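Structural features, examined
Here is how the chains run, residue by residue.
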Amino acid sequence: MTAIFSDMHRTGLPRLLIVGDVALFREGIHAALKRTGQFDLAGSLTIDEALPAVSGGAVDVVVLDTSRRRAFDHARRLLDASPGLGIVAFGVSEVDDALACAEVGVRAFVGEDGTIDTICEAAALAAQGLSACPPGLTAR
């Protein structure tokens, strides 16, 4: 399946883009978020595909797969392209990873045991410029 991206924007909903290296993760999260109806979904892209989309200001929030180490560089590149972008890091498993994300500028975190509902909550907060960290990750 090819990457999904739409530059159409429905008024009133935060514009959200899923970014990651693993197509299955991206597409699965895209499909699940679409069912919620809580976001205007821009698509599901790799980092190289996503950079032009975020630099144009067409995206409010990125849900970023952090299951691979290079995700921290991806977050940095996304924020360089759009400094006000809200980023939700999902799949965060260790305190060191969460700290590395926070140092880059990631606003919200969803741990390995997070659900679509958790991603929705974190993305809604990030779209408002707020931060979110799950209690389990905070405790660690």
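Because the structure is predicted, anything quoted here is derived from the model rather than measured.

**A few points about the overall build of the protein chain**
- When helices and strands are tallied, the protein chain shows 6 helices and 6 strands.
- The order of α-helices and β-strands along the protein chain, N terminus first, is β-β-α-β-α-β-α-β-α-β-α-α.
- Taking all 140 residues of the protein chain together, the buried fraction comes to 44%.
- If you take every contact in the protein chain between residues at least 6 apart in sequence, the share linking residues at least 24 apart comes to 66%.
- A total accessible area of about 6,900 Å² is found for the protein chain, and carbon and sulfur atoms account for 52% of it.

**Describing the pairing of strand S5 (residues 86-92)**
- Burial analysis of S5 places 7 of its 7 residues in the buried class, which makes it a mostly covered element.
- With 5 bridges joining them, strand S4 (residues 61-65) and S5 adopt parallel strand pairing. Each bridged residue has a counterpart across the sheet, and for Val63 the counterpart in S5 is Val88.
- The parallel pair S4 and S5 is bridged by helix H3 (residues 71-81), and the resulting crossover is right-handed.

**Quick word on a negative patch on the surface**
- Taken together, Glu94, Asp96, Glu112 and Asp113 make up a surface patch of like negative charges.
- Along the chain, Glu112 falls in the loop between strand S6 (108-111) and helix H5 (116-127).
- A relative accessible area of 59% places Glu112 in the exposed class.

**What to know about the packing of helix H2 (residues 47-55) against H3**
- At a closest axis distance of 8 Å, the pairing of H2 and H3 adopts a crossing angle of 25°. Classified by the angle their axes make, H2 and H3 are roughly parallel. Of the two elements, H2 crosses H3, and the hand of that crossing is right-handed. Where H2 approaches H3, its residues Ile47, Asp48, Ala50, Leu51, Val54 and Ser55 are matched on the opposing element by His74, Arg77, Leu78 and Ala81.
- For the contact of H2 with H3, a count of residues per class yields 6 nonpolar, 2 polar and 2 charged.

How each quantity is defined
- Residues numbered from 1 in each chain as written.
- Predicted model: local features only at pLDDT ≥ 70, side-chain atom pairs only at ≥ 80, totals over all residues.
- Heavy atoms only, no water.
- Helix = DSSP H or I, 4+ residues; strand = E, 2+ residues; numbered from the N terminus.
- Buried < 20%, exposed > 50% of the residue type's maximum accessible area, 1.4 Å probe, protein only.
- Contact = heavy atoms within 4.5 Å.
- Areas by Shrake-Rupley, 256 points an atom, 1.4 Å probe, with all protein chains shown as cover.
- Pairing = 2+ DSSP bridges.
- Right-handed = clockwise from strand over helix to strand, strands pointing away.
- Patch = residues over 30% accessible without salt bridge, like charges linked within 9 Å, V, L, I, M, F, W, Y side chains within 5 Å.
- Salt bridge = Lys/Arg side-chain N within 4 Å of Asp/Glu carboxyl O.
- Lys, Arg positive; Asp, Glu negative; His and termini not counted.
- Charge placed at Lys NZ, Arg CZ, Asp CG, Glu CD.
- Axes fitted to C-alpha atoms, helices over the stretch in contact; angles between N-to-C directions.
- Parallel < 35°, antiparallel > 145°, perpendicular 65-115°, else oblique.
- Left-handed = near helix turned anticlockwise from the far one by under 90°.
- Nonpolar A, V, L, I, M, F, W, Y, C, P; charged D, E, K, R; others polar.

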